[in-house]
Amino acid sequence: MKRRPSTEATAAWIRLMRVQSRVLDCVEQDLKKAGFPPLAWYDALLELSRAPSGELRPVELERQMLIPQYSTSRLIDRLVDEGLASRRECKIDKRGQFVEITEAGRELQKRMWGAYSAAIEKYVGSKLSDADAVKLSSLLDRLGCSCGEMKLPPAGVNESMPSR
């Protein structure tokens with residue numbers, strides 16, 4: 001029989017889920033108050049801007065953002081409709097396509113970072129010392145290692161960061 005989680009591990013899980021939900025809700029509200037679209041738009045634009053040539057296949061974007069395919073498709077449609085990204089047919093595989101960030105998308109992502117970074121400071125940075133943040137990051141890294149492939153940005157990268 002497999003081992004069941006301890007009471008302490010279960011309590012940590014519950015706190016982790018609650019904090020994640022509450023902080024994301026607060027960040028979303030701050031972005032909305034500042035007149036910006038949802039955080040998923042920022043995340044998609046950030047991932048596209050980080051990609052070589054500013055483009056990814058939809059499935060790559062989906063993998064980077066950790067959201068379901070149907071959500072990614074709708075998000076891409078919205079970004080394209082707003083002129084923040086464009087679709088391009090893959091020359092090698094005519095059925096495939098790329099999503100490419102536009103200059104307007106780069107600009108929005110940079111503007112959103114101001115409100116997003118302020119929210120990160122408000123809800124996380126102001127509540128943790130730098131040493132506590134390093135310790136928390138280390139603990140979360142230990143949890144992430146067993147969840148499959150996770151691409152995290154290199155430590156110390158803070159320009160136009162972070163993606164969820």
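Residues numbered from 1 in each chain as written. Predicted model: local features only at pLDDT ≥ 70, side-chain atom pairs only at ≥ 80, totals over all residues. Heavy atoms only, no water.

The protein chain goes by Transcriptional regulatory protein in an unreviewed UniProt entry, where it is assigned to Bradyrhizobium vignae.

A. Spatial organisation of the sheet that holds strand β1 (residues 55-56). Read across the sheet, three strands follow the order β1-β3-β2 without closing on themselves; strand pairing throughout is antiparallel. Because the sheet does not close on itself, it has two edges, and the strands there are β1 and β2 (85-89). Pairing of β1 with strand β3 (residues 97-101), which is carried by two bridges, proceeds in the antiparallel orientation. Following the sheet pairing, Glu55 is matched in β3 by Glu100. With respect to the sheet, helix α4 (residues 69-81) is in contact with β2 and β3, its orientation differing from that of β2 by roughly 110 degrees. (Pairing = 2+ DSSP bridges. Helix = DSSP H or I, 4+ residues; strand = E, 2+ residues; numbered from the N terminus. Contact = heavy atoms within 4.5 Å. Axes fitted to C-alpha atoms, helices over the stretch in contact; angles between N-to-C directions.)

B. How the structure looks around the packing of aromatic side chains. Tallied over the entire structure, the rule returns three aromatic pairs. Ring centres of Tyr42 and Tyr116 lie 4.9 Å apart, and the angle between their planes is 80 degrees; this geometry places the pair in the edge-to-face category. A residue pair is termed long-range when its members are at least 10 positions apart, and Tyr42 in helix α2 (residues 39-50) and Tyr116 in helix α5 (residues 103-125) qualify at 74 residues. Taken as a pair, Tyr42 and Tyr116 share a single burial class, namely buried. On the numbers, 5.8 Å between centres and 80 degrees between planes, the contact of Trp113 with Tyr116 is edge-to-face. Residue Trp113 and its partner Tyr116 are both found in helix α5; the two are separated by three residues, about one turn of the helix. One Lys or Arg, Arg57, reaches over the ring of Phe98 and ends 5.0 Å from the middle of that ring. (Phe/Tyr/Trp six-rings, centres within 6.5 Å; stacked < 30°, edge-to-face > 60°. Buried < 20%, exposed > 50% of the residue type's maximum accessible area, 1.4 Å probe, protein only. Lys NZ or Arg CZ within 6 Å of the ring centre and 35° of its normal.)

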